[in-house]
Amino acid sequence: MKESKKVFAMKLLSKFEMIKRSDSAFFWEERDIMAHAKSEWIVELHYAFQDTHYLYMVMEYMPGQWVGLIVMGGA
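Residues numbered from 1 in each chain as written. Predicted model: local features only at pLDDT ≥ 70, side-chain atom pairs only at ≥ 80, totals over all residues. Heavy atoms only, no water.

Engineer: An account of the pairing of strand 3 (residues 54–60) is needed here, citing residue identities and associated values.
Structural biologist: Most of strand 3 is tucked away, with five of its seven residues classed as buried. Inspection of the sheet shows strand 1 (residues 8–14) paired to strand 3 by seven bridges, in the antiparallel sense. Considered in strand 3, the bridge of Phe8 is made with Glu60. Judged from the five bridges that link them, strand 2 (residues 45–50) and strand 3 form a sheet pairing that is antiparallel. From the neighbouring strand, Leu45 faces strand 3, where its bridge partner is Met59. Where strand 2 hands over to strand 3, the hairpin turn is made up of three residues, counted between the paired strands. (Buried < 20%, exposed > 50% of the residue type's maximum accessible area, 1.4 Å probe, protein only. Helix = DSSP H or I, 4+ residues; strand = E, 2+ residues; numbered from the N terminus. Pairing = 2+ DSSP bridges.)

Put into structure tokens, the structure is as follows:
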């Protein structure tokens, strides 16, 4: 946010693609977990909103990609 100089991550999900692949339940589950979990291992969700084409999730920014590498078996 500009006033606080905080940096956030934003995830965009296409409504069209989610409907096409029947993935909408996964979005709601992910949103609910991030919104309500109180864990240092789960990214905090700050905002969720939508427009006619996309769903948006604004969450805590976690710099680096090492966790993704571990999950993918690369580290």
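Engineer: Can you tell me about the packing of aromatic side chains, naming the residues and giving the values?
Structural biologist: Following the criterion strictly, the structure yields three aromatic pairs and no others. Here the aromatic rings of Phe27 and Trp28 are separated by 4.8 Å at their centres, their planes lie at 75°, and the arrangement is edge-to-face. (Phe/Tyr/Trp six-rings, centres within 6.5 Å; stacked < 30°, edge-to-face > 60°.)

Engineer: Now, about the environment of Lys11: what can you tell me, with residues and values included?
Structural biologist: Within the secondary structure, Lys11 sits in strand 1. Lys11 sits 37 residues away from Ala48 along the chain, and the two C-alpha atoms are 9.5 Å apart. Look past the residues within four positions of Lys11 in its chain and what remains in contact with it is Glu30, Leu55, Tyr56, Met57 and Met59. In terms of polar contacts, Lys11 uses its side chain to reach the side chain of Glu30, at 2.9 Å. (Contact = heavy atoms within 4.5 Å. Polar contact = N/O pair within 3.5 Å; in protein donor to acceptor, adjacent residues only side chain to side chain.)

Engineer: Could you give an account of the sheet that holds strand 2, naming the residues involved and the relevant values?
Structural biologist: Spatial strand order, 1-3-2: three strands in an open sheet with antiparallel pairing. The open sheet is flanked by strand 1 and strand 2, the only strands paired with a single partner. Looking at each pair of strands side by side, their axes are set apart by 15° on average, direction ignored. Helix 2 (residues 24–36) rests against strand 1, strand 2 and strand 3 of the sheet, and its axis sits at about 25° to strand 3. (Axes fitted to C-alpha atoms, helices over the stretch in contact; angles between N-to-C directions.)

Engineer: Let's hear about a nonpolar patch on the surface: which residues, and what values?
Structural biologist: Nonpolar side chains collect at one region of the surface, where Met10, Leu12, Tyr47, Phe49 and Tyr54 lie side by side and expose about 510 Å² of accessible area between them. Listed by contribution, the elements that provide at least two residues to the nonpolar patch are strand 1 and strand 2. Overall, Phe49 belongs to the partly exposed group, its relative accessible area being 41%. (Patch = residues over 30% accessible without salt bridge, like charges linked within 9 Å, V, L, I, M, F, W, Y side chains within 5 Å. Areas by Shrake-Rupley, 256 points an atom, 1.4 Å probe, with all protein chains shown as cover. Salt bridge = Lys/Arg side-chain N within 4 Å of Asp/Glu carboxyl O.)

Function cannot be inferred from these measures alone, as they are strictly geometric.
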